[in-house]
Amino acid sequence: MDSRETERLKWRSRRGLLELDIVLARFWEECGEDLDDSDARRLATLLAMPDKDLFDLVMGRQDCPDPALQPLLQRLKAA
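Residues numbered from 1 in each chain as written. Predicted model: local features only at pLDDT ≥ 70, side-chain atom pairs only at ≥ 80, totals over all residues. Heavy atoms only, no water.

S.K.: Explain the nonpolar core here, please?
M.R.: Most often, soluble globular proteins have nonpolar side chains that are buried together. Ranked by internal contacts, the top residues of the largest apolar core, which has 24 residues, are L9, F27, L43, L46, L54, V58 and L76. When residues of this core are traced back to their parent elements, those giving at least two are helix 2 (18-31), helix 3 (37-47), helix 4 (51-59) and helix 5 (70-78). Top contributing element to this core by residue count: helix 2, with 6 residues. Discounting residues that sit within four places of it in the chain, L9 has contacts with M1, W28, A40, L43, A44 and L47. (Core = buried A, V, L, I, M, F, W, Y, C linked by side-chain atoms within 4.5 Å. Buried < 20%, exposed > 50% of the residue type's maximum accessible area, 1.4 Å probe, protein only. Helix = DSSP H or I, 4+ residues; strand = E, 2+ residues; numbered from the N terminus. Contact = heavy atoms within 4.5 Å.)

S.K.: Any chance you could explain the pattern of salt bridges here in plain terms?
M.R.: Side chains that differ in charge, positive against negative, can pair when their charged atoms come close. Here the structure, examined in full by the defined rule, presents 6 salt bridges. A salt bridge links E5 to R8, with the nearest nitrogen and oxygen atoms 3.2 Å apart. Here E5 and its partner R8 are both found in helix 1 (residues 3-12), 3 residues apart, which amounts to about one turn of the helix. Exposure remark for E5: the relative accessible area of 26% places this residue in the partly exposed category. Looking at R8, the relative accessible area reads 43%, which means it is partly exposed. Residue D39 is joined to R42 by a salt bridge in which the shortest nitrogen-to-oxygen separation is 3.7 Å. (Salt bridge = Lys/Arg side-chain N within 4 Å of Asp/Glu carboxyl O.)

S.K.: Help me understand the packing of helix 3 against helix 5, please; the structure alone is not making it clear to me.
M.R.: Helices that pack against each other are described as a pair by the angle of their axes relative to one another and the distance between those axes. Direction vectors running N to C along helix 3 and helix 5 enclose 75°, while the axes themselves pass 9 Å from each other. Classified by the angle their axes make, helix 3 and helix 5 are roughly perpendicular. Counted together, D39, R42, L43 and L46 of helix 3 and L72, R75 and L76 of helix 5 form the full contact between these two elements. Looking at the contact of helix 3 with helix 5 residue by residue, the class counts come to 4 nonpolar, no polar and 3 charged. (Axes fitted to C-alpha atoms, helices over the stretch in contact; angles between N-to-C directions. Parallel < 35°, antiparallel > 145°, perpendicular 65-115°, else oblique. Nonpolar A, V, L, I, M, F, W, Y, C, P; charged D, E, K, R; others polar.)

Structure representation (structure tokens):
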């Protein structure tokens, strides 16, 4: 993944929900350097969700609609 795409994803990770901002900031600190292109596409899919839906996924209040997103979602939960 190129640095421009990384910066775009980091920018899109800034959310209106403080709790989600904290989760995503920790994710970037711990896992950001390890993202490959497929992870970046999955993260972009998650970041396209409304804040509440994404937060519910991260908190486990809602089931992940796409099994392909599950590994990245687990990394977000662990961060």
